[in-house]
Amino acid sequence: MEEQWLLWITGTLDWIRSAGWVGMVWFVVLFALTCVFFLPGSALTVGAGAVYGFWWGTLLVMLGSVLGAQINFFTSRYLLRSWISRKLGGRPRLLALDRAIERKGWQVVFVSRLSPIVPHSLVSYIAGLTGIGVWRFSIASLVGFLPISAAYSYGGALLGAVARTRANITSNDPLSWALYILGLFVSVFVVVWTARIAAKALHESAPEEF
C-alpha cells in the first residue's frame, strides 16, 4: 500500500508542477490530509522542494503541516473527544504525552514538532484534549515544524536542481557540487540535531516513558 501511495504522490506532484497557484493550494490541502489520516508525508516534503524550490517548498510544507495539525486539534477537542479519550486508555506512552502537554503546554508541542520520530498527528489529537489554547498550539507547531520542513525541502530542491539543470551543475563546476553537497550535509545535521533536542526535552517532560 505504501508503494502505491508513493506512486500516486509522484503522479500528483507532476500535475502540481504544471498547475500554478492551483497546484500550490492543492499541495497544502493534500499535505494536511496526510496529517489527518496518518499517511507518510516525507515524500511530499521532499517533492515540495523539488517542485517549488527551497523557500516556497518550505513555506507550503509548513502551511500544510499547521493546517493538518489544526484539523486534528479541533477534531479531538470538539468532534471526537470522548472516542479519542477512550483510545488513549491503556497506552502508557500516549497517556504520558497527554500529561506532559497538560503540564507544559506549548513547550511540549514545540519540541515534539522538532522530532521526525514522534508522530505529529497523534500529538495534535492529544493536544486537543488538553487545555492548551489554539493560538499557542498553532504558533508552537508552526515554529517547531520549521527546521524539519526546511531540511527536507532543501534535500528536494537539491534533487530537483540536479535533475533539471545538467548544464548548470556539471563535473566541470566543482564549486557548485561542493556547495550543494555541503548544503545536503547541513540538512542531515539539522534533522539529527533537532531530533536529539526533542528526544531530550520529551524525556525531561515525561521521563517515565520517553
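Residues numbered from 1 in each chain as written. Predicted model: local features only at pLDDT ≥ 70, side-chain atom pairs only at ≥ 80, totals over all residues. Heavy atoms only, no water.

The next point concerns the overall build of the protein. If you tally the helices and strands in the protein, you get nine helices and zero strands. For the protein, the proportion of its 210 residues judged to be buried stands at 46%. Considering only contacts in the protein between residues 6 or more positions apart, those separated by 24 or more positions represent 76%. When the accessible area of the protein is evaluated, it comes to approximately 11600 Å², of which 69% is carbon and sulfur surface. (Helix = DSSP H or I, 4+ residues; strand = E, 2+ residues; numbered from the N terminus. Buried < 20%, exposed > 50% of the residue type's maximum accessible area, 1.4 Å probe, protein only. Contact = heavy atoms within 4.5 Å. Areas by Shrake-Rupley, 256 points an atom, 1.4 Å probe, with all protein chains shown as cover.)

Quick look at a nonpolar patch on the surface now. A surface patch of nonpolar side chains, amounting to about 920 Å² of accessible area, comprises Trp-8, Trp-15, Trp-21, Val-22, Val-25, Trp-26, Val-29, Leu-33 and Phe-37. Listed by contribution, the elements that provide at least two residues to the nonpolar patch are helix H1 (2-18) and helix H2 (20-36). Of all the elements, H2 adds the most residues to the nonpolar patch, at six residues. Inspection of the secondary structure puts Val-22 in helix H2. (Patch = residues over 30% accessible without salt bridge, like charges linked within 9 Å, V, L, I, M, F, W, Y side chains within 5 Å. Salt bridge = Lys/Arg side-chain N within 4 Å of Asp/Glu carboxyl O.)

In this description, an aromatic ring pair is defined by two values, namely the gap between the centres and the angle between the planes. Taken as a whole, this structure holds eight aromatic pairs when the rule is applied. Seen from their ring centres, Phe-38 and Tyr-125 are 5.8 Å apart, and the 20 degrees between their planes marks the pair as stacked. Of this pair, Phe-38 sits in the loop between H2 and helix H3 (42-79) while Tyr-125 is found in helix H7 (residues 120-129), placing the two residues 87 residues apart along the sequence. Judged by relative accessible area, Tyr-125 falls into the buried class, the value being 13%. Members of the aromatic cluster, connected to one another through ring pairs, are Phe-73, Phe-74, Tyr-78 and Phe-137. (Phe/Tyr/Trp six-rings, centres within 6.5 Å; stacked < 30°, edge-to-face > 60°.)

Because the α-helix completes a turn every 3.6 residues, residues three or four places apart line up on one side. For H2, which comprises 17 residues, the first-to-last C-alpha distance of 25 Å matches the rise-based estimate of 24 Å (1.5 Å per residue) to within 8%. The set of residues buried in H2 consists of Gly-23, Phe-27, Val-28, Leu-30, Phe-31, Ala-32, Thr-34, Cys-35 and Val-36. The first or second residue beyond H2 is Phe-38, which carries a positive phi of 55 degrees. (Expected span 1.5 Å × (residues − 1).)

The quantities given are spatial measurements derived from coordinates; they are silent on function.
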